[in-house]
Amino acid sequence: MLEKMGEFFDSRLSGYEEHQLTCIDSAQVFYPFTANCLPQVPGTRLLDLGCGTGLELGYYFEMVPSAEIMGIDLAPGMLNELHSKFPDKIMTLVLGSYFDVPFGENAYDAAVSVESLHHFTKEEKIPLYGKLRKALKQGGYFILTDYFAMSEEEELFHRAELHRLKKEQNIADEAFYHYDTPLTVEHEKEALINAGFSSVTVLKSWGATYVLKAVR
Ligand SMILES: C[S@@+](CC[C@H](N)C(=O)[O-])C[C@H]1O[C@@H](n2cnc3c(N)ncnc32)[C@H](O)[C@@H]1O
């Protein structure tokens, strides 16, 4: 049975972080690596898309304790957990979809998203990435750490499967239900470039997990 996106994560809150760190290949390396790719400057303003309980933020706060975070997530339980983990940090946490929440313009030194954007199509991502690009300051950049389809066939297979399951369960196509539909790295890069980012580079990869850097 497909589950609504926010409910899927909230119902797995207990044990969520342990699962992420122990069941996802190389997670104990890619979280600190991701944090290290972000600006190492006191007071950095950072936007986190799908921040969850803030695994990446925990590593980042160790490096830049004075960072100012705007975190967006659909799951209220994940945001409550994040808030209680870091009560003294400067964080604005917004409950909602990053497709709908306004980001503002020229507001952030950098943005990050870890293990969240593999649920959406290239067509859905282009306007999101356009909004994200505008939210970054001059010279700002976006670090995307996520897992990707290893071929177009795999990408198409997951997308068709989600479509089939939604149809079977009478769920509207545009509703957010949890089902992984990763793009290939090439399609992800195309979405970022189509949205106006000036360059996209692969910084590192471990199996299907890649860290991409998109410069405003
Ligand atoms: C696997 S968790 C990753 C959380 C955190 N970044 C980490 O790596 O531990 C994916 C998160 O993305 C959030 N999410 C998925 N789609 C979203 C959307 N459209 N808007 C906001 N948050 C979303 C989920 O609620 C969930 O908390």
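Coordinates for the structure precede this section.
Criteria and thresholds
- Residues numbered from 1 in each chain as written.
- Predicted model: local features only at pLDDT ≥ 70, side-chain atom pairs only at ≥ 80, totals over all residues.
- Near = placed C-beta within 6 Å.
- Helix = DSSP H or I, 4+ residues; strand = E, 2+ residues; numbered from the N terminus.
- Nonpolar A, V, L, I, M, F, W, Y, C, P; charged D, E, K, R; others polar.
- Axes fitted to C-alpha atoms, helices over the stretch in contact; angles between N-to-C directions.
- Parallel < 35°, antiparallel > 145°, perpendicular 65-115°, else oblique.
- Left-handed = near helix turned anticlockwise from the far one by under 90°.
- Contact = placed C-beta atoms within 7 Å.

Colleague: Looking at this structure, I do not really get the site of the ligand. What am I missing?
Modeller: Contacts to the ligand come from 22 residues, most closely from Gly50, Gly52, Leu55, Val114 and Ser116. Of all elements in the fold, only helix H1 (5–10), helix H4 (55–63) and strand E2 (68–73) reach the threshold of two or more residues within the shell around the ligand. Sorting elements by how many residues they give to the shell around the ligand places H1 first, with three residues. A per-class count over the shell around the ligand returns twelve nonpolar, seven polar and three charged.

Colleague: Explain the packing of helix H3 (residues 27–37) against H4 here, please?
Modeller: Working note: a packed helix pair is described by the angle between its axes plus the distance between those axes. Running from amino to carboxyl end, H3 crosses H4 at an angle of 55°, the nearest separation of the two axes being 8 Å. As the angle between them shows, H3 and H4 are arranged oblique. Remark: the crossing between H3 and H4 carries right-handed chirality. Mapping the contact onto sequence places Tyr31, Pro32, Thr34, Ala35 and Asn36 in H3 and Leu55, Glu56, Tyr59, Tyr60 and Met63 in H4. Here the residues of the contact of H3 with H4 are counted per class, giving seven nonpolar, two polar and one charged.

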